[in-house]
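Observations on chain architecture
Here's the letter readout for the chains.
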Amino acid sequence: MSVLLILTILIVIGALAFDFINGFHDTANAIATSVSTKALRPRQAIILAATMNFVGALTFTGVAKTISKDIVDPFKLEHGSIVILAALIAAIAWNLLTWYYGIPSSSSHALIGSIAGAAIAAEGLNVLNYGGFIKILEALILSPILAFVVGYILYSIFKVVFKNFNLAKTNRNFRYIQIATAALQSYSHGTNDAQKSMGIITLALIANQYLPHDADVPFWVQFSCALAMGLGTSIGGWKIIKTVGGKIMKIRPVNGVAADLTGAAIIFGATYIHLPVSTTHVISSGIMGVGASHRLKGVKWDTAQRMLITWVITLPITALIAAISYFVLQLFF
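Presented here is a report on the structure given in the accompanying data block. (Residues numbered from 1 in each chain as written. Predicted model: local features only at pLDDT ≥ 70, side-chain atom pairs only at ≥ 80, totals over all residues. Heavy atoms only, no water.)

Examining the overall build of the protein chain
Convention followed: Going along the chain from the N terminus, every DSSP run of H or I of four or more residues is numbered as a helix, and every run of E of two or more is numbered as a strand. The classification of residues rests on relative accessible area computed with a 1.4 Å probe and restricted to protein chains. Under 20% of the type maximum is buried, over 50% is exposed, and intermediate values are partly exposed. Whether two residues touch is decided by their heavy atoms; if any such pair falls within 4.5 Å, the residues are in contact.
When its secondary structure is counted, the protein chain shows 13 helices and zero strands. Across the protein chain, helices and strands are ordered from the amino to the carboxyl terminus as α-α-α-α-α-α-α-α-α-α-α-α-α. Counting all 333 residues of the protein chain, 58% fall into the buried class. When contacts within the protein chain are restricted to residue pairs at least 6 apart in sequence, long-range pairs at least 24 apart make up 89% of them.

Next comes the structure, spelled out in structure tokens:
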């Protein structure tokens, strides 16, 4: 068995492991509000999220193409396979670390920072496709800001529309609506997040000449990534659920519906224009926007501050871990 084939197999395994971890790391965000308001029992929410993530991941491939072509040109990488494997190791390590401490960090930031760091370690700063890289960074930065604003506006509309309704009855009805919005948010998560691993595998197959440079994402790659994320979701991510579902603000069903609709809308919009966004950032920012609209003092800004710090440091730290991983892997390959 050639070294190239071994590296390719390791990349496929690593990408599926990243998707599996992404399932219980990021998908927790999609169901956190419905669990915290008791609209769904935890087991029901996880089954729903796993199913809708799987279906969503099978629906689109545009984001995968962006990941596989817009950060680096695979044909410019002399040691492309080692770069990709180092990026996966770094992203997985960061995801596990932040999951362990219950911090809802961004798997998207982790993966994109890792790819950039490993590629720069291998070929220098000129290797990045700066036009595509900046476009991705803009989407990652602007999407949570947009989610905060949309969440604030949407809940402000809710307050006007439902101000004369009986609060207890309204919240009871919104619990039923939350089942649908949790499903919608989980589906939107699958349409965007699972595609990142699809892009990684496709990038490796192209770089190692197992696919032509203009190839679409193979169906087996799409299906296996969807399955890995669905299985990861079924494990659950209780530490993240506790942070998103209760440590940002006290969520009631009407808040949860507004936050879910906000998150789904932003993620769907990004998927439609083939841009990867952080579902963690989008969902958490949507909750903050809703919370600020409901009652500014009701948002636990110390939790928000801790999350913001994690978001900011994710890109440089994962880039550094990936660069170190690249140099270590070169000793073996």
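Let's talk about the environment of Ala 49
Looking at where Ala 49 falls in the secondary structure, it is placed in helix H3 (residues 42-57). As for Ala 49 and Ile 31, which are separated by 18 residues in sequence, their C-alpha atoms are 6.9 Å apart.

Focus on unusual backbone geometry
Here Gln 209, not a glycine, exhibits a phi torsion of approximately 65 degrees, which is positive. Assignment of secondary structure puts Gln 209 in the loop between helix H8 (167-207) and helix H9 (219-235). Judged by relative accessible area, which is 70%, Gln 209 ranks as exposed.

Re the packing of helix H7 (residues 130-161) against helix H12 (residues 279-294)
What counts, and what does not: A fitted line through C-alpha atoms represents every axis, and for helices the fit uses only the stretch in contact; the resulting angles, taken between N-to-C directions, go from 0 to 180 degrees. Left-handed describes a crossing whose near helix is turned anticlockwise from the far helix by less than a right angle; the clockwise case is right-handed. When residue character is reported, Ala, Val, Leu, Ile, Met, Phe, Trp, Tyr, Cys and Pro are called nonpolar, Asp, Glu, Lys and Arg charged, and the others, Gly included, polar.
Here H7 crosses H12 at 35 degrees, and the two axes come no closer than 7 Å. When you trace H7 past H12, the crossing you get is right-handed. In this structure, H7 contributes Leu 140, Ser 143, Pro 144, Ala 147, Phe 148, Gly 151, Tyr 152, Tyr 155, Ser 156 and Lys 159 to the contact, and H12 contributes His 281, Val 282, Ser 285, Gly 286, Met 288, Gly 289, Val 290, Ala 292, Ser 293 and His 294. Considered class by class, the residues forming the contact of H7 with H12 number 10 nonpolar, nine polar and one charged.

Concerning a positive patch on the surface
Filter applied, for reference: Candidate patch residues must exceed 30% relative accessible area and have no salt bridge, after which like charges are joined if within 9 Å and Val, Leu, Ile, Met, Phe, Trp or Tyr side chains if within 5 Å. Only the protein chains shown count as cover for residues, and the accessible areas themselves come from Shrake-Rupley with a 1.4 Å probe. The rule for a salt bridge is simple: a side-chain nitrogen of Lys or Arg has to be within 4 Å of a carboxyl oxygen of Asp or Glu. Charge assignment: positive for Lys and Arg, negative for Asp and Glu; neither His nor the chain ends contribute. Every charge is mapped to an atom, namely NZ of Lys, CZ of Arg, CG of Asp or CD of Glu.
A contiguous patch of positive charge, built from Lys 38, Lys 169, Arg 172 and Arg 175, is present on the exposed surface. Relative to the helices and strands, Arg 175 is located in helix H8. The class for Arg 175 is partly exposed, based on a relative accessible area of 32%.

Observations regarding H7
Under the convention used in this document: In this analysis, the expected span of each helix is defined as 1.5 Å times one less than the number of residues it contains. A residue's bend is given by the angle between axes fitted to the 7 residues ending at it and the 7 residues starting at it.
With 32 residues, H7 ought to run about 46 Å at 1.5 Å a step, and its terminal C-alpha atoms sit 45 Å apart, in line with that. At Leu 142, H7 shows its maximal bend, which comes to roughly 25 degrees, and the proline Pro 144 appears one to four places after that position. Three or more residues of H7 are buried, namely Gly 132, Phe 133, Ile 136, Ala 139, Leu 140, Ser 143, Pro 144, Ala 147, Gly 151, Tyr 155 and Phe 158.

Topic: the packing of aromatic side chains
For clarity, the cut-off: Aromatic rings from Phe, Tyr and Trp, with only the six-membered ring used for Trp, were paired whenever their centres fell within 6.5 Å, and each pair was classed as stacked if the ring planes differed by under 30 degrees, edge-to-face if by over 60, and tilted otherwise.
The tally for this structure, following the rule as stated, stands at seven aromatic pairs. Their ring planes at 85 degrees and their centres at 5.2 Å tell us that Phe 162 and Phe 174 sit as a pair that is edge-to-face. Here the residue Phe 162 occupies a position in the loop between H7 and H8, and Phe 174 occupies one in helix H8, the gap between them amounting to 12 residues. For Phe 174, a relative accessible area of 6% translates into the label buried. Seen from their ring centres, Phe 219 and Phe 223 are 6.1 Å apart, and the 35 degrees between their planes marks the pair as tilted. Of this pair, Phe 219 and Phe 223 both sit in helix H9, four residues apart, which is roughly one turn of the helix. Using a relative accessible area of 56% as the deciding quantity, one classes Phe 219 as exposed.

No statement about biological role is implied by the geometric values presented.
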